[in-house]
Amino acid sequence: MSPIDQKICSLLKVRKIGGMELLFREYYKPLVVWATTFLHDTQRAEDIVQDFFVKLWEKSYVALLPETLKSYLFISIRNLALNQLDKIDPLRQACDLAYYDSPWKEYDNFEDEVFRRVEEELEKLTPRAQEVIRSIYLEGMKYKDVADKLGISVATVNSILVRALKKLRQQADNKDGLTIYLFFLEKSLISVQ
Amino acid sequence: MIEQNKIDEKLLAYFLNELDDVGRKEIEVWLEECECNKEYFREFQRVYLEFQWGVYAREVKSDFNVVRKRLKKQSILQVWYGVAAAVVILLSVGGVLLWNSEKVEEKPVQVVKKKTIQPGKSQAILVLSSGEEVAMGNVAQQLEEKDGTSVVVSEIGRISYEVTEGNKMTAKDTTKVMNRLVIPRGGEFNLTLSDGTRVWLNAETELCYPVQFNGKERVVYLKGEAYFEVSKNKKKPFRVQVDDVAVKVFGTEFNVNTYNNIETVLVTGSVSMNQGGKEVLLKPNQKGVFDQSSGKIMVEDVDVLAYISWKNGDFIFRNESLNSIMDKLSRWYGLEVFYQDAELQSVRLSGNLKRYKDVQELFVSFEKISDARFEVQGNKVIVSSK
């Protein structure tokens, strides 16, 4: 439990708007990103999180506990996002849910530092690579549509993405140190065999 | 490494849902080949997700003012609601009052301060083993008991006990250092015992407990009302002792109320009520009441929400006698209630109210649904027939 969570809860308990501000500063961005994981639409994700914050302020009777604040927020947003998804795509299959559950573990120890690192890395890419990434991740376009739009082959789209990912991974490896390095060493030995 | 690039391409296409059935099948087969492929898959997924999150994060415009505006709008609506309610009250009570618009401003605005009925707040008096009395308010402080246990008081009205390895007592040690927490009328408090058990204490309540549980049993003594979330320890049963009735606990959440009769409402887990050799086991959603006159313990099924809502900052009344409702309100708002017509005491009413709101909102709605009239003078409430 972080002291900030404690502060947020105690401020909201006495209905201080400062509590909302702190909540926003601490959680707005991570929650929007989290909702986008399911919806692939940042605007819609922002709407969901904002609505949720307004509701939270209205229903002051919900006693927020600092111990569970973080998981309460993330689970609520996940459920709201999945409900939205139902509206967008009623054919979504139940088995998808298991797939959607897995990012949670990653997200739980996801740090602001990682946001910054990835954002930095993205800045360094060529304009064309950035365009490809935007089209795929933010506009939800298919490889083929992106290829048509930019006048390149599907294979190029794919390899641009793989290269960007790889850079990011190499960067992460440098940060995460020896264990990951050993893991990839082992990996490359296996592929040599 | 060409091989790895190929795999990466496939995996990426897999996550982006670009593969056909054959492609997906291929990945599934590859995954089953060895544990290391699965490991690789997970690692790849992690990086893939981080990448995706980074892309999203760049798009988010974090401007609190957008949300603030929407919250403000809410507040304005509530002001109007407050004004409307005040008008109703002025008409019905004849111009005595005022309202509390704490939603709008950070500080409650009171028109005529001394005549407002104030809700209770987090407050208590802690009596240390030395007999020293320490007032608990909204100030953080740290105290130490004579056995070295730290008593930590946080600014949000919470006490917890921390035992350091150095001064942990052995089971043989029989000296017990007891603390007593007294919650006055109009107060409530939150306590974490040294074993991690959490206790919410309602107004007009006393709890007596050792700062460390070193016997075979964990025993606390209660007068008033408290909600317990008992931390599990099969080797050391937890017991709440009320006069000669004991509530034995087996890792559980439950409410004990001794204001009138001794009653226990079980939320989860299991508890038993024991008195003079009798033992009655409660199931979740059941209430056990020890009736002093007959000496029996009666059990009935109940809606637990109405019994434990106080802990979450609500009053919930379900078909409850006015007498009992006013009893509860009095403890929290410090009211004195007078009935001009005694029969009104047994009128049964339902309603909800947030504990930190103006109690008169509830009176207004009661007036609408019953024949009772509520006249408020200072902290006195006079109940009469219309």
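This structure is a prediction, so every number in the text was calculated from the model and none was measured.

Procedures and definitions
Residues numbered from 1 in each chain as written. Chains lettered and ligands numbered in written order. Predicted model: local features only at pLDDT ≥ 70, side-chain atom pairs only at ≥ 80, totals over all residues. Heavy atoms only, no water. Buried < 20%, exposed > 50% of the residue type's maximum accessible area, 1.4 Å probe, protein only. Helix = DSSP H or I, 4+ residues; strand = E, 2+ residues; numbered from the N terminus. Pairing = 2+ DSSP bridges. Phe/Tyr/Trp six-rings, centres within 6.5 Å; stacked < 30°, edge-to-face > 60°. Lys NZ or Arg CZ within 6 Å of the ring centre and 35° of its normal. Contact = heavy atoms within 4.5 Å. Buried area = accessible area lost by both parts, 1.4 Å probe. Salt bridge = Lys/Arg side-chain N within 4 Å of Asp/Glu carboxyl O. Polar contact = N/O pair within 3.5 Å; in protein donor to acceptor, adjacent residues only side chain to side chain. Core = buried A, V, L, I, M, F, W, Y, C linked by side-chain atoms within 4.5 Å.

Enquirer: I tried to follow the pairing of strand S15 (residues 253-257) of chain B on my own but got confused; where do I start?
Expert: On a regular strand, each side chain points to the face opposite its neighbour's, so the side chains alternate between the two faces of the sheet. Residue and element names in this part refer to chain B. Within S15, four of the five residues are buried, leaving the element largely enclosed by the surrounding structure. In terms of strand pairing, strand S12 (residues 225-229) meets S15 through five bridges, oriented antiparallel. Bridge assignment links Glu225 to a residue of S15, and that residue is Asn257. As judged from the five bridges shared by S15 and strand S16 (residues 262-268), these two strands associate in the antiparallel manner. Residue pairing across strands places Glu253 opposite Thr268, the latter belonging to S16. Counting the residues that bridge the hairpin from S15 to S16 gives four residues.

Enquirer: What am I meant to see in the packing of aromatic side chains here?
Expert: In this description, a pair of aromatic rings is defined by centroid distance and the angle of the planes. Applying the stated criterion across every chain, the model contains 25 aromatic pairs over all chains. Between B:Trp200 and B:Tyr227, the aromatic rings sit 5.7 Å apart at their centres with planes inclined by 75°, giving edge-to-face as the arrangement. Of this pair, B:Trp200 sits in strand S9 (residues 198-201) while B:Tyr227 sits in strand S12, and the two are 27 residues apart along the sequence. On the accessibility criterion, B:Trp200 (9% relative accessible area) is buried. Under the relative-accessibility criterion, B:Tyr227 is labelled buried at 1%. Site record: aromatic cluster; members linked through ring pairs are A:Tyr137, B:Tyr14, B:Phe15, B:Phe41, B:Phe44, B:Tyr48 and B:Phe51. Its guanidinium or amino end placed over the ring of A:Trp57, A:Arg15 lies 4.3 Å from that ring's centre, counting from NZ or CZ. Here B:Arg355 stacks its cationic end above the ring of B:Phe315, 5.2 Å away from the centre of that ring.

Enquirer: What is the right way to look at the interface of chain A and chain B in this model?
Expert: Interface size is commonly expressed as the accessible surface area that is lost when the partners come together. At the junction of the two partners, chain A supplies 70 residues and chain B supplies 54 residues. A buried area of about 6,200 Å², summed over both sides, lies between chain A and chain B, and 64% of it is on carbon and sulfur atoms. It is A:Tyr137, A:Leu165 and A:Arg169 that lose the most area in chain A upon contact with chain B, and together they represent 11% of the buried surface on that side. Between A:Asp51 and B:Arg70 there is a salt bridge whose closest N-O contact spans 2.9 Å. Seen at the junction of chain A and chain B, the total is nine residue pairs in polar contact (both at pLDDT 80 or more). When residues of the side of chain A that touches chain B are traced back to their parent elements, those giving at least two are helix H1 (3-13), helix H2 (17-39), helix H3 (42-58), helix H5 (95-108), helix H6 (112-124), helix H7 (127-138), helix H9 (154-176) and helix H10 (178-192) of chain A.

Enquirer: Looking at this model, I keep getting lost on the nonpolar core. Mind explaining?
Expert: Nonpolar side chains in soluble globular proteins tend to end up buried together. Among the nonpolar cores identified, the biggest contains 80 residues, and A:Phe53, A:Ile133, A:Ile136, A:Tyr137, A:Leu161, B:Leu12 and B:Phe51 are the most heavily contacted of them. A per-element tally of this core places H2(A) first, with 14 residues. Not counting chain neighbours up to four residues away, the residues in contact with A:Tyr137 comprise A:His40, A:Leu161, B:Leu12, B:Tyr48, B:Phe51, B:Gln52, B:Val55 and B:Tyr56. Counting 43 residues, the second largest nonpolar core, distinct from the first, contains B:Ile159, B:Val242, B:Val247 and B:Ile262.

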